[in-house]
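# Structural overview
So the chains spell out like this:
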Amino acid sequence: MILGLETSCDDTCAAVIDGPRILSNVVSSQAAFHERYGGVVPEVASRHHLELVNAVVASALDEAEVELAEVDRVAVTQGPGLIGALLVGLSTAKALAAAQRKPLIPVDHLHGHVAANYLEAEPLEPPFLCLIASGGHTLLAGVRDPSGFEVIGRTLDDAAGEAFDKGARLLGLGYPGGPAIQRAAEGGDPQAFDFPVAMSGRGLDFSFSGLKTALVYGVRELGPEEVERRRTDLAASFQTAITDQLIAKLRRAARGGEWPAIALGGGVAANAELRGRAQELCDELGLRLKLVPIALCTDNAAMIASAARYSDPIAYPDYLSFDAFGTERRRPLRAA
Ligand code: KG4
Ligand code: ZN
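All residue numbers here refer to positions counted from 1 along the written sequence of the relevant chain. Here chains are named by letter from A upward and ligands by number from 1 upward, in the order in which they appear as written. Side-chain atom pairs in this predicted model are given and counted only at pLDDT of 80 or more, local residue features only at pLDDT of at least 70, and totals for whole chains, interfaces and linings cover all residues. The side-chain figures draw on all heavy atoms in the structure; neither hydrogens nor water molecules are used.

## Things to note about the coordination of the zinc ion (ligand 2)
Here a donor is an N, O or S atom found within 2.8 Å of the metal, or within 3.2 Å if the metal is Na, K or Ca; sites may look incomplete because water is not among the atoms. In the first shell of the zinc ion (ligand 2), the protein supplies H109 (NE2), H113 (NE2) and D299 (OD), at 2.1 Å from the metal. Around the zinc ion (ligand 2) sit four donor atoms, and with donor-metal-donor angles ranging over 93 to 147 degrees the site reads as irregular. Sequence spacing among the residues donating to the zinc ion (ligand 2) works out to H-x3-H-x185-D. Residue H113 is located in helix 4 (residues 109-115), and its partner D299 is located in the loop between helix 10 (294-297) and helix 11 (302-308); the two are separated by 186 residues in the primary sequence. The buried category is assigned to D299, whose relative accessible area is 14%. Any coordination sphere not matching a tetrahedral pattern (four donors, all angles between 85 and 135 degrees) or a square planar or octahedral pattern (four or six donors, opposite donors over 155 degrees apart, other angles between 65 and 115) is reported as irregular. By definition, any uninterrupted DSSP run of H or I lasting at least four residues is a helix, any uninterrupted run of E lasting at least two residues is a strand, and each is numbered from the N terminus. Relative accessibility thresholds used throughout: buried, under 20% of the residue-type maximum; exposed, over 50%; partly exposed, between the two (1.4 Å probe, protein chains only).

As structure tokens, this is what we get:
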């Protein structure tokens, strides 16, 4: 039985899993606090984590109907993410584990997104190709082993979720941008505006900054009234441009025939157009598509506990000096 904690961004999360079974998965979203700023304010996030974390851990244990003493290990996101936010989860996890002399497992947040696929129902076994697209990250992971993954493509600038968030702000649609753009795009014409889709070379890396710039200029050229009148078409075209690139790179990565399955993770994997087009791609290529429930796509602690099942536990007191790391590790976690 593993108690997991996740506080890398603006969600305060705790969960208890028993093997691949989720006993509880509590998420306290701070989105409402950050909405007025149009994005996550790191200092505000840290403060809210501090206020919420004990109550969130208590309700995760409560819902799972287990005592802390019954938990075998404590798992926590070590990075990447907002450093102040990460430190709240890491310190809390250390304290909980140390008080009971239990082992601690530091988890890479991105391994967590991959490991969401190992939870019930219908856990997916490697090998598979996993697209992780969130507000902070966009990468293609080649997964051959549940203990890690190989990065085979990554964004060179903005993350896909960041593009949704910035696009929504430009269109006056609020935060978080992904769901707002998806809603606004309903009934819009995805071909109405021709946004650039970065497809440079044969590589698997992504780029979204040109798309954002194109929207900045588009909005400026159209003017406020025209933007208002054509917002649905703008949202639909912008959403399609992001999905076009994600699907194109997935197709390119899958074409070699090396991967029997494709999985989607991260907040952007909640996007209905992306899900639909990934299904079409898998049907066409004869691959299995694994879509975890949306609650496991967005940040949560069950995925962190799931990754911890395949990582080495650190015995008390060796973990007490562990630090959080803010930026994505440049190397693959494990050579494939
Ligand atoms: O994984 P996540 O909850 O947190 C991070 O690790 O960043 O992802 C949040 C991101 C935000 O950028 C949000 O706009 C995006 O996921 N998102 C979506 C949708 N729901 C959330 N993007 C597109 N369509 C959605 N339905
Ligand atoms: Zn995430």
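## Describing the pairing of strand 8 (residues 150-154)
Here four bridges tie strand 7 (residues 138-143) to strand 8, and the two strands are oriented antiparallel to one another. Paired with L140 across the two strands is G153, which belongs to strand 8. Two strands qualify as a pair provided DSSP detects at least 2 bridges between them.

## Quick word on the site of ligand 1
Residues in close proximity to ligand 1 total 20 residues, the closest being G135, D165, G178, Q182 and G267. Counted as a polar contact is a pair of N or O atoms within 3.5 Å, where, for protein atoms, one must be capable of donating a hydrogen and the other of accepting one, and residues adjacent in sequence contribute only when both atoms are in side chains. One nitrogen or oxygen atom from the main chain of G136 is found 3.3 Å from an oxygen atom belonging to ligand 1. At a separation of 3.0 Å, a nitrogen atom of ligand 1 approaches a polar side-chain atom of N271. In this structure the site holding ligand 1 corresponds to the largest pocket. Sorting the residues of the shell around ligand 1 by element identifies helix 4, helix 5 (160-170) and helix 6 (177-185) as the ones contributing at least two each. Proximity is defined per residue: any heavy atom of the residue falling within 4 Å of a molecule or strand makes that residue near it. Lining residues are defined by having an atom within 4 Å of a point belonging to a cavity or pocket. Those points lie on a 1 Å grid over the protein atoms alone, cavities being sets where a 1.4 Å probe fits but cannot get out and pockets being open sets with protein on both sides within 12 Å along at least five of seven lines. Assignment of a molecule to a cavity or pocket requires that more than half of its atoms lie within 2 Å of the corresponding grid points.

## Quick notes on the nonpolar core
In these notes, a set of buried Ala, Val, Leu, Ile, Met, Phe, Trp, Tyr and Cys residues joined through side-chain atoms within 4.5 Å is what counts as a nonpolar core. V114, F128, I242, L246, L250, I262 and L264 are the most contacted members of the largest nonpolar core, which totals 76 residues. Of the residues forming this core, the biggest block, eleven residues, is contributed by helix 8 (residues 231-254). Looking at this core, you find at least three residues from each of domain 1 (2-115 + 296-321) and domain 2 (126-291). Here a residue-residue contact requires only that any non-hydrogen atoms of the pair lie within 4.5 Å. Contacts of V114, omitting those with residues within four sequence positions, involve F128, C130, I132, A141, V143 and F149. Residue ranges assigned to each domain were obtained from an automatic or database domain assignment.

## Observations regarding helix 9 (residues 272-285)
Compared with the 20 Å implied by 1.5 Å per residue over 14 residues, the 20 Å span of helix 9 between its first and last C-alpha is a close match. Among the residues making up helix 9, those that are buried are L274, R275, A278, L281 and C282. Buried residues of helix 9, seen end-on, are gathered within an arc of 125 degrees and therefore sit on one face of the element. The exposed set on the far side of helix 9, more than 90 degrees from its buried face, consists of E280, D283 and E284. Count one or two residues on from helix 9 and you reach G286, which has phi positive near 70 degrees. By definition here, a helix of n residues has an expected span of 1.5 Å times n minus one. Each direction from the helix axis to a C-beta atom contributes to the arc, which is the arc of those directions.

## Things to note about the domain arrangement of the protein chain
Taken as a whole, the protein chain is organised into domain 1 (2-115 + 296-321) and domain 2 (126-291). Distance from the C-alpha centre of domain 1 to the C-alpha centre of domain 2: 27 Å. With 16 residues of domain 1 at the interface, the matching set in domain 2 holds 19 residues. Of all residues in domain 1, L110, V114 and C297 bury the most surface against domain 2, accounting for 39% of the area lost on that side. Note on definitions: salt bridges are taken to be side-chain nitrogens of Lys or Arg within 4 Å of carboxyl oxygens of Asp or Glu. Along the contact surface separating domain 1 from domain 2 lie zero salt bridges. Inspection of the domain 1/domain 2 interface yields two residue pairs in polar contact (both at pLDDT 80 or more). Of all the elements, helix 4 adds the most residues to the side of domain 1 that touches domain 2, at five residues. Accessible-area loss on putting two parts together, using a 1.4 Å probe and summing over both, is the definition of buried area adopted here.

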